[in-house]
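Residues per chain are reported as follows:
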Amino acid sequence: MSSLEVLLKDESTRNIRRLLKVVILITIAGAAVSSRLFSVILDPWFNFRASKYLVKNGFYNFWDWFDDRTWHPLGRVTGGTLYPGLMVTSGAIYHILRMLSMPVDIRNICVLLAPAFSGLTALATYLFTKEMKDESAGLLAAAFIGIAPGYISRSVAGSYDNEAIAIFLLMFTFYLWIKALKDGSAFWGALCALFYFYMVAAWGGYVFITNMIPLHAFVLVLMGRYSPRLYVAYTSWFALGTLGSMQIPFVGFLPIRSSEHMAALGVFGLLQIVGFVEFVRDQVPSRQFKTLLKALIFIVFALSSAVLVLLTVSGVIAPWSGRFYSLWDTGYAKIHIPIIASVSEHQPTAWPAFFFDLEMLIWLFPAGIYMCFSTLQDQHVFVIIYGIMASYFAGVMVRLMLTLTPVVCVSAAIALSNILDVYLSIKTPAAPTAGAPSVNERKEKKPRVNILSAGKDSIVGVYSKASKIAVIAAFSIYLFVFVLHCTWVTSNAYSSPSVVLASRMPDGSQHIIDDYREAYYWLRKNTPDDAKIMSWWDYGYQIGGMADRTTLVDNNTWNNTHIATVGKAMSAREEVAYPILRQHDVDYVLVIFGGLLGYSGDDINKFLWMIRIAEGVWPDEVKERDFFTPHGEYRVDDGATDTMKNSLMYKMSYYNYQSLFPAGQAQDRVRNAKLPAVGPTLSILDEAFTSENWIVRIYKVKDLDNLGRDHLSAAAFDAGKKKSKRTKANKGSQRKLRVV
Amino acid sequence: MRLQLQSDMASRTAFLLFFVNLFVSWVSATPLTGGRVLAVIEEQYDSTKYSQFLMDLKGRGYDVKLEPAKKDTLSLFEHGEKVWDHVILFPPKFKGYGPALTPQKLLEFTKLGGNVLILTSPSSIPEQVRELARELDIGLPPKDYITVDHFNYDTVSKSEKHDVILANRPAVSPAVHNYFSGKQDDLIAFRGAGHTLGNGPLLVPLLTAPRTAYTYDSKEDFAYAQDPWAAGTQMQLVSAMQARNNARITLVGSVDMFSNEFFDMKVQKPGSTKPQKTANKEFCRDVAAWTFGEKGIVKVNSIKHYLSNEPNAPVNPNMYRIKNDVTFEIELSEYDIDRWVPFKVPSGDSLQLEFTMLDPYYRVPLLPSSTSSNATTFTTSFKIPDQHGVFAFRVNYKRPYITYIDEKYSVTVRHFAHDEYTRSWDISGAWVWIAGIAVTIIGWIGFCALWLWSAPAAAKVGVKKTQ
Amino acid sequence: MRSTMSSGMSFWTFFVLAFSSFVGAASGAWTFEDAQAVVAAKGGKADTYKFSPTQPVKGALTLGPKDILKISLTVKEDSKVGRPHQAFLLVQEPESKVETFFPLSVKELSGKAKVDLSHKDLPAFLLTAPSLSLSLVLGSFGESPASIVTIGGVEPSLDPTSKALLEKQKQKDIGEGTTVYKAKDEIRYVFRADPQSPPKIITLAFLLSVLAGLGGLFVVWFPILGGNLSHLPKALKAAPISHPLFFASLLSLEGIFFMYYTQWNLFRTLAGMAVVGPVALFSGSRALREVRARREKGER
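What counts, and where the lines are drawn
- Residues numbered from 1 in each chain as written.
- Chains lettered and ligands numbered in written order.
- Predicted model: local features only at pLDDT ≥ 70, side-chain atom pairs only at ≥ 80, totals over all residues.
- Pairing = 2+ DSSP bridges.
- Helix = DSSP H or I, 4+ residues; strand = E, 2+ residues; numbered from the N terminus.
- pLDDT = per-residue confidence, 0-100.
- Contact = placed C-beta atoms within 7 Å.
- UniProt positions renumbered as here; feature names shortened; annotations may be inferred.
- Expected span 1.5 Å × (residues − 1).
- Nonpolar A, V, L, I, M, F, W, Y, C, P; charged D, E, K, R; others polar.
- Axes fitted to C-alpha atoms, helices over the stretch in contact; angles between N-to-C directions.
- Parallel < 35°, antiparallel > 145°, perpendicular 65-115°, else oblique.

### Section: the pairing of strand E22 (residues 339-342) of chain B
Residues and elements named next belong to chain B.
Here's step 1: Summarising the sheet, strand E21 (residues 325-336) and E22 pair through four bridges and their orientation is antiparallel. The partner of Asp-336 across the bridge, within E22, is Arg-339.
Here's step 2: If you look at the hairpin formed by E21 and E22, you'll find two residues sitting between the two strands, and Ile-337 has a positive phi there, around 60°.

Structure (structure tokens):
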């Protein structure tokens with residue numbers, strides 16, 4: 001026995017090993033936290049605002065919160081339309097810290113919540129992977145998840161979003177599920193349900209768990225691996241978890257009424273039948289009876305499916321939601337729910353993103369899956385299913401890269417740990433003949449062998465020290481590069497929040513473009529407290545949080561019509577837009593314009609989505625076709641269509657822009673277009689504010705004309721233009737009659 | 001309060017006027033909307049022509065200052081504030097007014113709340129007034145077009161020309177407060193040109209031409225009116241625009257209406273038997289009083305809304321809940337020359353309260369509930385709709401001749417809080433489910449007792465559960 | 001603009017003098033004769049209607065989209081032919097009294113006057129009215145009294161598409177004018193109907209069946225399957241604390257649920273659970289261990 005063996009296996013060093021493990025885990029957690037602290041800017045302002053409200057007004061007022069500062073004038077039943085888990089978590093931490101006489105500002109808690117929970121995620125991943133293979137794989141997985149950019153992207157300090165705690169909950173729930181399944185324990189099943197409830201409270205992605213666990217159970221049943229353990233674990237999770245999830249107001253009765261949740265219910269029913277059949281099989285040996293039973297199962301299954309279809313058709317059970325369809329058909333959203341497709345996070349993932357976010361893990365991932373196949377216990381089936389589903393979803397939507405990352409870390413850790421197991425053992429394996437007895441031993445232990453696990457019994461050994469060193473060295477370098485890559489990605493790509501833009505000056509120094517905050521600060525200081533700001537919904541939360549002003553629409557896209565109204569106002573002519581602005585009490589309109597700086601995420605580039613969303617509601621009034629030239633180009637220069645040039649968005653973006661350039665030289669640097677020599681005119685709006693780099697432009701909506709004229713002629717009059725004189729009397733039908 | 005007269009006009013009349021003025025300004029207070037009146041009048045000769053009208057103004061507390069149209073130092077503003085409260089424009093003798101009275105400046109003046117009374121005569125409608133009228137959507141005839149009526153002319157004066165039209169005051173309408181429809185047999189003498197009005201909601205006719213009157217080119221069409229400019233009731237003799245900020249601009253087609261000559265004139269319609277004194281004095285006073293905000297000013301003293309059924313409910317809360325019963329009160333006063341009196345809604349009209357979010361959910365009449373010496377309280381109650389959002393109590397009462405009332409008061413209507421729904425035991429349909437829960441609990445307790453303490457019976461109880 | 005009032009005056013006087021000398025000192029009223037209204041359709045078909053100052057056209061004339069209403073007459077000042085200064089055809093919408101005018105062209109010597117009226121002469125507001133009344137006004141300077149007589153009515157007939165177009169045009173002409181200045185229609189919000197409970201009798205029937213289920217359960221347990229509590233003394237002897245404690249904690253858990261249902265808030269409930277839960281867990285494990293001991297002894 002080598003000293004290493006002693007260290008790793010011997011009873012006497014158990015405590016040291018345990019200590020080492022704890023130290024390693026703490027270090028991993030520390031690394032996970034510290035790698036998320038590159039730059040700190042609080043981002044989803046709504047969650048922060050909600051947390052402040054919770055801390056200030058208490059839980060029950062938060063529950064009943066009606067927010068009249070968003071979605072003007074509809075307001076939002078916020079307490080009933082959000083996942084309260086995140087806010088309640090930070091609220092609880094806040095109160096616990098105060099109880100421990102550590103008064104901490106809620107803002108600090110919100111900022112640091114995501115890194116703190118990423119430490120917990122590392123722990124949960126460790127536990128989960130430990131159930132899959134062993135502790136060393138667990139530690140590797142924890143280290144991977146701690147620094148994997150795919151997860152860091154959603155959990156840097158200040159990224160106070162639901163995902164910040166949801167990934168921890170996801171992994172921990174899965175761990176508890178595996179634990180419950182392994183032990184057949186109602187206790188662990190109940191714990192799993194408890195964390196499932198927490199997950200439901202925290203993130204809409206809980207549906208992933210709701211379908212993953214039933215799918216796992218279903219596959220196990222199909223594989224003939226039904227066992228009382230499965231029955232106990234599943235039923236206790238399902239019953240308690242479903243009851244728990246229904247306590248969240250936003251979820252309510254969805255678990256029994258929507259198609260997304262039907263799989264869990266169906267598998268629950270299936271397990272009852274299978275359980276009953278197994279029970280009867282144990283009691284009654286008769287062969288005919290078994291056939292009868294099989295028929296019974298089939299009939300019950302068919303009947304219940306029929307009932308399900310019937311209920312769905314009759315509307316008792318809500319059909320699959322659009323978001324669900326868009327997971328299977330990537331073109332679906334663009335046609336039917338443009339509002340979902342308009343979010344960049346909902347676009348299909350480009351393949352480099354996988355390497356960017358996961359680096360070497362992505363190629364270790366299949367190896368890990370293969371390792372799972374080769375052992376294929378119940379829990380490995382789970383990893384395989386999870387891996388397949390998550391990779392599909394991550395391919396469909398950039399955002400779901402987040403759910404893929406944990407399983408990639410787990411299976412990569414399994415693969416790598418296997419490699420290390422083999423190549424790190426200094427002992428040279430015995431001659432192949434010596435391996436024979438152990439094969440027999442194993443075979444006795446595991447009577448069920450299938451083709452997939454055919455290769456697992458042969459012991460692989462490496463004889464040459466040189467090859468060991470080479471492989472270990474190679475992997476050390478891989479790991480080292482992985483760490484470098486993660487650090488680089490984190491510091492460069494995922495630590496620049498959307499409100500502050502960084503650019504490089506010609507001399508390489510960093511230049512911070514802070515137009516957003518400048519504009520929001522201007523709004524906060526220069527507009528009345530009850531001013532209503534219209535902007536595209538992307539900026540709703542920021543305006544609500546940073547400028548503290550009422551918005552028409554925000555990032556919570558629950559009301560498509562209201563968003564379409566804003567889209568219509570933006571895409572319509574001035575005189576069409578004005579009544580809409582008046583009706584919604586709009587005081588200011590805010591647009592993002594990147595033409596001067598070459599900032600491509602501006603409103604003109606998002607404009608087509610606004611038009612599409614508006615067209616979905618008013619197909620007669622807004623037509624996407626009118627914004628394209630006859631050749632099908634989307635242009636802003638001289639060749640732009642009249643509809644485009646007369647739209648409020650175009651006018652607001654380019655108003656006065658020509659004055660920055662010599663005559664006729666105005667240039668849009670995003671779209672690389674030379675703008676018309678004469679800029680647009682605005683009559684219903686006054687320019688109120690334009691930020692330093694022209695990124696944010698704010699316009700004030702004019703009041704009705706004092707003399708009841710339309711704004712165009714009023715503006716012309718003020719400018720000193722004379723109306724055409726008409727002193728000759730009109731005749732016949734030309735004569736204007738006063739009929740009031 | 002001084003009467004601005006040039007020294008060469010220190011005649012006896014002026015002296016007398018001065019003292020009368022001094023006396024009157026002693027007794028009457030400054031009018032509600034301010035008493036500084038600028039009368040742009042060309043020559044002192046003209047001011048004697050209109051002295052009765054001007055004296056009457058002074059008698060009501062106005063400080064009238066006469067200035068020639070072309071005076072260089074004349075200005076409507078100082079430091080961005082208006083230095084006059086009201087402006088009367090008499091037709092200029094020569095081409096137009098000075099640079100202080102461009103239409104842009106006049107509109108700026110009304111934007112600041114100043115009232116303008118424009119008097120025109122067919123031979124002299126300056127370009128400034130035409131331009132202003134175009135902005136107001138008032139159609140003015142070309143120069144030297146005059147209005148005649150072969151049915152309602154004055155037979156006493158120059159009966160051949162038929163150009164002194166005798167108009168009746170507007171008919172009394174049950175739906176509006178018309179401050180100009182006084183005695184119906186009053187005759188108002190008018191010599192000038194009518195104009196036409198657009199359909200703008202801010203324009204109101206104060207005096208409409210008779211059905212048979214028409215305006216024609218007195219220079220060209222003397223043989224017969226082959227191309228009359230306007231005719232009949234579509235033509236107005238005096239009309240006004242009340243801007244959204246309640247400033248008033250009144251346009252009069254005949255400056256002679258306001259002259260001493262017409263005030264004292266006795267007139268007779270064709271076919272009537274005896275001459276009658278004109279009502280010009282009264283009517284012109286009405287026009288000036290209305291234009292300068294002595295009449296038709298309605299103010300909102302207070303707005304209250306509260307929960308109807310709770311005696312101690314706070315007044316004007318920011319938030320209501322759906323299906324609350326609320327009461328809304330508004331207290332209105334109307335200014336009548338020199339004091340506030342209770343506002344009365346005309347019998348054929350209705351003061352309405354809207355409860356709106358994007359669209360009105362309610363539009364209900366506000367009914368007078370109590371009247372004090374100078375205000376009326378109008379009240380209504382209703383149940384808030386079962387739709388949450390930011391609603392507004394809105395009283396949008398815009399009627400001709402009175403100032404606009406557009407009060408908007410936003411309140412938030414929230415949904416039911418989690419503990420405000422009907423409790424399940426009050427819903428009979430829920431009893432079955434409640435009983436189901438109770439049965440489950442009792443059964444569970446019973447089962448626990450059995451499990452813990454049951455001795456095996458003849459048939460083994462519970463064993464089957466454990467195996 | 002240099003020409004002042006006085007120069008206009010002299011012109012005036014001249015004209016008036018000339019005119020009165022032409023007309024003479026006639027004292028009779030302005031009137032007309034030989035009046036007829038012709039509705040000429042496009043195809044050449046024409047209907048003629050005669051009228052006079054005392055006899056208006058009976059019934060309303062229908063004016064189609066392509067028709068032309070031609071009115072012709074001879075103007076007389078008393079009995080002589082003449083040309084009055086004012087000879088207008090007035091077209092009025094009777095309800096709103098909105099009226100417009102069409103000057104007649106009058107021949108100076110013969111007094112023959114005529115005017116044509118077709119759809120394109122009428123403003124949208126009048127054209128969309130169901131009926132219009134026609135009047136003739138004749139008047140001039142001098143002593144002769146002017147006259148105004150109603151000569152009949154016209155019903156413009158429109159095809160639906162052009163009617164819709166005209167209505168649109170009418171709305172555009174009017175603008176928001178008509179919507180202001182008037183009391184609007186009253187609106188009262190109609191509430192969504194409250195959800196209804198089924199008839200109480202049905203509820204009670206189901207309620208009874210649920211309760212009967214409980215009764216049935218106890219009947220099955222006790223008399224039929226022979227459930228009993230006869231091991232209670234034995235259990236109490238073996239585990240005197242944990243058995244009562246476990247059962248009591250179960251009862252109090254249900255009690256806490258009941259209190260939450262009726263009055264407690266969530267935090268109180270959670271606190272109560274936090275107290276009772278561990279008690280139930282620990283006493284329960286002891287009690288159940290005792291139960292297992294009995295089973296292992298074969299006493300169950």
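### A look at the confidence of the model for chain C
Note: predicted coordinates in regions of low pLDDT should not be interpreted at a detailed level.
Residues and elements named next belong to chain C.
Here's step 1: Residue-level pLDDT values for chain C average 83, and 89% of them are 70 or greater.
Here's step 2: The lowest-confidence element of chain C is helix H1 (residues 5-23), averaging 41 in pLDDT; the highest-confidence one is helix H6 (residues 242-262), averaging 94.
Here's step 3: Within the model, pLDDT remains below 50 along residues 1-26, and this stretch shows 26 contacts once partners closer than five positions in the same chain are excluded.
Here's step 4: Interface confidence in the predicted complex, given as ipTM, is 0.84; pTM for the same model is 0.83.

### Remarks on the UniProt feature "domain: Ribophorin II C-terminal" (unreviewed entry) in chain C
Here's step 1: Under the local residue numbering, the UniProt record ascribes the feature "domain: Ribophorin II C-terminal" (unreviewed entry) to residues 191-295 of chain C.
Here's step 2: In the segment residues 191-295 of chain C, helix accounts for 79% and strand for 0%; the C-alpha atoms at its two ends are 63 Å apart.

### Some points on helix H4 (residues 200-224) of chain C
Here's step 1: Its 25 residues give H4 of chain C an end-to-end C-alpha distance of 34 Å, which sits within 8% of 36 Å, the value for a rise of 1.5 Å per residue.
Here's step 2: Positive phi shows up at Gly-226 of chain C, right after H4 of chain C, with a value of about 75°.

### Things to note about the interface of chain A and chain B
Here's step 1: Contacts between the two partners involve 26 residues from chain A and, on the opposite side, 33 residues from chain B.
Here's step 2: Residue classes in the side of chain A that touches chain B are distributed as 12 nonpolar, six polar and eight charged.

### Brief notes about the packing of helix H8 (residues 431-453) of chain B against H4 of chain C
Here's step 1: Where H8 of chain B contacts H4 of chain C, the two axes come as close as 9 Å, and the packing angle between them is 10°. Comparing the axis directions of H8 of chain B and H4 of chain C gives the class roughly parallel. Within the contact between the two elements, H8 of chain B uses Trp-431, Val-432, Ala-435, Gly-436, Val-439, Ile-442, Gly-443, Gly-446 and Leu-450 of chain B and H4 of chain C uses Thr-203, Phe-206, Leu-207, Val-210, Leu-211, Gly-213, Leu-214, Leu-217, Phe-218 and Trp-221 of chain C.
Here's step 2: Classifying every residue of the contact of H8 of chain B with H4 of chain C by side-chain character gives 14 nonpolar, five polar and no charged.

### A word on the interface of chain C and chain B
Here's step 1: Each partner contributes residues to the interface: chain C has 75 residues there, and chain B has 67 residues.
Here's step 2: For the side of chain C that touches chain B, the leading source of residues is H4 of chain C, giving 11 residues.
Here's step 3: Considering only residue class, the side of chain C that touches chain B consists of 42 nonpolar, 21 polar and 12 charged.

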